[in-house]
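# Coordinate analysis (summary)
The residues making up each chain are set out below.
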Amino acid sequence: MDAVAIRGLAWKYAGRSSFAIEEVDLTIPAGAFVGVVGPNEHGKTTLVSCIKGIIPHGFHGVWRGTVELFGEDVRALGSQRLAELSGFVFADPEAQFTSMTVEEELAFGLENLGLPVAEIERRLVWVSDLTGIGALWDKSPYEISGGQKQRVAIASALAMKPRLLILDEPTSMLDPLGKDAVFDLLASVKRETDMTVIVVEHNVEQVAPLADLMLLVHRGRVARAAPPELFFEDCDLLIESGVQPPQATLFLDRLKRQGRFPGKLSPRFEEDVAAVRDVLAGRARGGGTP
Amino acid sequence: MRRTLLGVVPLTSPLYALHPLTRLATLGLLGMVSLFIDAPEVNIALVFLVFVYLRWARVDLSGLRIYLPLTVTVAVFMFAVAIAFPERTPGSHTFRFAGITFYAESLFWTFASYWRLMAMLLGTIQYFSTNRERETLVAIRALRVPFAVTYFLSLALRSAGMFLEDMRIIREAERARGLDETSLALRDRARLYAMYMIPLFTIAIRRTDEISNALYARGYTITGRLADGGRRTDFIHTRYPFRTRDTILCVAQGALLVAVAVARVGFGAFTVAHSPLRRLFLAAVGGA
Amino acid sequence: MSDSVLISVEDLVYEYPDGTRALDGVRLEVREHEFIALIGQNGSGKTTLSKSLNGILKPTRGTVRIGELDTRSRGVTRKIVTQVGYVFQNPDHQLFNNTVHKEIAYGPRNIGLGHEEVEARVEEAARVCGVKPELFEEHPFFLTKGLRQRVSIASILAMRPRVIIVDEPTTGQDRRQSVEVMNFLRDLWERGGHTVIIVTHEMPIVSEYARRCVVLSRGQVLLDGPTREVFARPDALAQAQVKPPQITRLAQALGDHGVRGDVLSVDEMMEEFDRVTSS
């Protein structure tokens, strides 16, 4: 079964003259890691909010089409069932931390699910090990950094063991160390669980290496949907659409256009380095264009 | 030391072995018992006892220095009013000092009131020096207050924290626009605080949406009920076992408060009339 | 102090009320017509330093001098803001009025300018920042984030500071928005003659726009020099837990092939690549 099946989705916020997203048809297989990129105000957050059910719950507007999460129509689900199926991490580490200590914050969602106390305990220990926040349980929000708060937010979502985890610009308010910690954590989640993950990010450099599928949302439509090796084929289109490919990938793209590099454009830095080395080695051997 | 919204609490304390409800009861006792105690000796003794209690609880007493200006201001104000507008009861003794006429009874009554106020203030401060917000919420939940109310309180406390942080940044931003607070007249300073409301409300309004979406995303419902009608689990509550000694202490504190109230109202105990200090004072200023 | 030094920092130590030492003996000079990036991890002291440069935070020890003014002196706030302006990261923290016009006029009024001068300054600052007069009576709350940022910058420019410090100008923004605001800041520097200081985490932005880079680590200045030279020192940067942009790291990974380690952009990488492969 697919994790997400979207057909003919469109949404218009009340009071706006045009649709925020239109004619979206999309399928995300279970277990996939999806990166969503695109300029601001073009529909990325709207799209993932529709998948999570935040739209139409908290918003007035016009909805068209259907969104199914693991076969269930999101509009028919209550908040508890939606929380069981999908987790959501927001960009602002402050606004999503609503309790007075980390432990409470982690337990909050589990309490809402009505899980027994022993199960909550087990999950808190599990998720703290996975995310490395065991030492923070007793701390209050004033005592931890933005990066740590964001890890707590991800841990709180993971603790609910959703089948789908959506993260909307989780690192935009974090420093580079914080960003690295979040992406390392997402890499662990990908490795150690079979959760489907959707990450909306401006930081293409860090999200693309983890992704199985990349989506470009531009002017309210999914302009491009492809695995990373194919997604960066047309870097010019990406740049025109307001997305900055990783610099190393962009460089290889330029070489490719000049006919000096025949291979696929990978967003993974180590692979890019190896590819450039190969090109240089080819030159060094005096072999001309490889 | 650990920071809370209203101050600092010690990292470890023998008090933490008691259930938060027991500690909330201490707030009730120490914050209210002085309402029934007029005699300043008793209130002064109470203040001293609370300091000893705080020391035992490992509270950093130097942190309480921030309240000193308040206590001095209150004293100055109360005594100034008492001297300028004394209660001229018939038969009350007067004496002159430095060219001013003092009414002895009125003065002593002010002295007694001041210490009552200090005892109540310290009784309240001690609670916030030994309890974190989470413990206050657990105590309230133990009283079976509805989930919606306690969660509202919890969010209010959290928002207050964010508010304070935003306030700090806004004040810096004001300075960056050439506003020199220290050179402002009092009236202008008051207007300034009104001006802070604009950015604070802007941020709060924007944050409201984010917070409510974040709550919704984690299956929150205002009723605290599950989809099948059951109650949501109260996990944090289980972290604080309510023991026999807690029962005993809660009952004892309640009983003590009631006993003092009955003694005062029913039997006239703890009044100023019986106060040895009063007799000493009147003797010193030449009264009966 | 020589003529061209605008801000002089000597042995600056800053401790927060709870005792944390954010800055531990910083020495720095900010001159006319510079474009500086202050970088470093959270907790490195870069924000504290940036706020010390315009007197928002006063030194615990050491001095910060803006021209002849010592930031610790009393009553210098109004004079300082005409020399050094500070734009906060979140426009919402610094929008105090209910119309755009009042907002931009707020600073000039605070520093005691007359009505006509205030009006002139508002028009000038709005024009430079691309805030159209049609927006003057709008409530800032209802503007887009990008416009709010411009109004914030205009409200600082209206006081005509020689130095403008901008905290995280591009955080949370997409490529187009980032380029717009950074190009604007570059114009202020190139054509307006201002000194611009940005506090940022985004290394590609630093390499594209900043001419000088000051790297902070644990309350001290670790590196201070032309951006190119600073980024060519990955080991020192690692100490500050800062990584150069990906293209620089690519160049540095190919050092054994003769590629220069101080490449700052994809274009430069192409040139360097051509040079290496043609030799």
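Model, not experiment: these values are computed from the prediction.

### What about the interface of chain B and chain C?
Opposite the 18 residues of chain B that make contact, chain C presents 22 residues. Taken together, the elements giving at least two residues each to the side of chain B that touches chain C come down to α6 (147-175) and α7 (186-217) of chain B. Along the lines of polarity and charge, the residues of the side of chain B that touches chain C split into 9 nonpolar, 3 polar and 6 charged.

### Points about the interface of chain B and chain A
Chain B puts 32 residues into the contact, and the matching count from chain A is 36 residues. Where the side of chain B that touches chain A is concerned, the elements lending two or more residues are α5 (133-142), α6, α7 and α8 (235-238) of chain B. Grouping the constituent residues of the side of chain B that touches chain A by class yields 13 nonpolar, 9 polar and 10 charged.

### Some details on the pairing of strand β10 (residues 220-226) of chain C
All names here are of chain C. In this sheet, β10 lies alongside strand β9 (residues 212-217) in antiparallel orientation, the contact comprising 6 bridges. The partner of Leu216 across the bridge, within β10, is Val221. From the end of β9 to the start of β10, which pair antiparallel, there are 2 residues, and Arg218 there has a positive phi angle of about 50°.

### Structural notes on the sheet that holds strand β3 (residues 33-37) of chain A
Residue and element names in this part refer to chain A. Read across the open sheet, the 6 strands follow the order β6-β7-β8-β3-β9-β10; overall the sheet is mixed. In this open sheet, the two edge strands, each paired with only one partner strand, are β6 (86-89) and β10 (221-226). Here the strands of the sheet are splayed against their neighbours by 15° on average, with no regard to which way each runs. Relative to strand β9 (residues 213-218), β3 runs parallel, the two being bridged by 4 bridges. Following the sheet pairing, Val37 is matched in β9 by Leu216. Sitting on the sheet, helix α6 (residues 146-159) is in contact with β6 and β7 (164-168), with an inclination near 175° to β6.

### Regarding helix α5 (residues 145-157) of chain C
Residues that lie three or four places apart on an α-helix share one face, since the helix turns once every 3.6 residues. Residue and element names in this part refer to chain C. Between its terminal C-alpha atoms α5 stretches 18 Å, which fits the 18 Å expected from 13 residues at 1.5 Å a residue. Among the 13 residues that make up α5, 10 are buried, leaving the element largely enclosed by the rest of the structure. Elements in contact with the buried residues of α5: β6 (84-87), α3 (100-110), α4 (115-129), β7 (163-167) and α6 (175-190).

### A short note on the nonpolar core
Among the nonpolar cores identified, the biggest contains 194 residues, and C:Ala154 and C:Val215 are the most heavily contacted of them. By residue number, the principal contributor to this core is α6(A), which donates 7 residues. Split by domain, this core shows at least three residues from each of two domains, domain 1 (2-245) and domain 2 (246-290) of chain A. If we skip the residues at most four places from it in the chain, C:Ala154 touches C:Ile104, C:Ala125, C:Ala126, C:Cys129 and C:Val131. Counting residues in hydrophobic clusters, the runner-up holds 20 residues, among them B:Leu30, B:Ala82, B:Phe111 and B:Ala112.

Conventions and cut-offs
- Residues numbered from 1 in each chain as written.
- Chains lettered and ligands numbered in written order.
- Predicted model: local features only at pLDDT ≥ 70, side-chain atom pairs only at ≥ 80, totals over all residues.
- Contact = placed C-beta atoms within 7 Å.
- Helix = DSSP H or I, 4+ residues; strand = E, 2+ residues; numbered from the N terminus.
- Nonpolar A, V, L, I, M, F, W, Y, C, P; charged D, E, K, R; others polar.
- Pairing = 2+ DSSP bridges.
- Axes fitted to C-alpha atoms, helices over the stretch in contact; angles between N-to-C directions.
- Expected span 1.5 Å × (residues − 1).
- Buried ≥ 20, exposed ≤ 12 C-beta atoms within 10 Å, placed from the backbone.
- Core = buried A, V, L, I, M, F, W, Y, C linked by C-beta atoms within 7 Å.
- Domains from an automatic or database assignment.

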